[in-house]
Amino acid sequence: MFEDYFIPCPIKRKFGIDCPGCGLQRSIDAILEGDFYSSFICYPPTIPILLFFLFAAAAILFKFKNGLRYIHRFFYFNLILIGLNYAYKCFQGSIFL
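Computed from a predicted structure; not experimentally measured.

Enquirer: Go over the side chain of Asp29, please, and point to the residues and values.
Expert: Counting through the fold element by element, Asp29 comes out in helix α2 (residues 24–32). Buried within the structure, Asp29 lacks any salt-bridge partner; Arg26 is the closest side chain of opposite charge, at an N-O distance of 8.6 Å. Leaving out residues up to four positions away in the same chain, Asp29 has contacts with Met1, Phe2, Glu3 and Phe6.

Enquirer: An account of unusual backbone geometry is needed here, citing residue identities and associated values.
Expert: Residue Lys63 is not a glycine yet carries a positive backbone phi of 55°. Relative to the helices and strands, Lys63 resides in the loop between α4 (46–62) and α5 (67–92). If you check the backbone angles, Asn66 has positive phi at about 60° while not being a glycine. Asn66 gets classed as partly exposed once you look at its relative accessible area, which sits at 36%.

Enquirer: Can you lay out α4 for me, pointing to particular residues and giving the numbers?
Expert: Over its 17 residues, α4 runs 24 Å from end to end, which matches the ideal 24 Å to within 8%, given 1.5 Å per residue. The inward-facing, buried residues of α4 abut α2, α3 (36–42) and α5. Lys63 occupies a position one or two residues after α4 and carries a positive phi of about 55°.

Enquirer: Give a description of the pattern of salt bridges that names residues and reports values.
Expert: For the structure shown, the criterion picks out 2 salt bridges. Measuring nitrogen to oxygen at the nearest pair gives 2.7 Å for the salt bridge that ties Lys12 to Asp18. Judged by relative accessible area, which is 28%, Lys12 ranks as partly exposed. With a closest N to O distance of 3.3 Å, Asp18 and Lys89 form a salt bridge. Residue Asp18 is found in the loop between α1 (10–15) and α2, and its partner Lys89 is found in helix α5; the two are separated by 71 residues along the sequence. In this structure, Asp18 and Lys89 share a single accessibility class: buried. Connected via shared salt-bridge partners are Lys12, Asp18 and Lys89.

So, how was this worked out
- Residues numbered from 1 in each chain as written.
- Predicted model: local features only at pLDDT ≥ 70, side-chain atom pairs only at ≥ 80, totals over all residues.
- Heavy atoms only, no water.
- Helix = DSSP H or I, 4+ residues; strand = E, 2+ residues; numbered from the N terminus.
- Buried < 20%, exposed > 50% of the residue type's maximum accessible area, 1.4 Å probe, protein only.
- Lys, Arg positive; Asp, Glu negative; His and termini not counted.
- Salt bridge = Lys/Arg side-chain N within 4 Å of Asp/Glu carboxyl O.
- Contact = heavy atoms within 4.5 Å.
- Expected span 1.5 Å × (residues − 1).

Interpretation note: all reported values are geometric properties and have no functional meaning in isolation.
Right under this line is the structure:
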């Protein structure tokens, strides 16, 4: 859908390996096309990241009680998911593709 507008990864171009965010653009593109399975295969943390942004916006907009605390927890949860996904790609050897 939006493949012509993708921003090339500077880390992949410079060093020849995937960065922790490689696959996010393709994953969001798959979600916009309604293909959640392909989105998950491209980059598993995409849906939790999008949910984080929705929750953070709602918490700020509606001033949730303890909203900042939940935003922090959700942020660190996403950070762990991204790290685990990258570690899996490293151990699998697919960062060099």
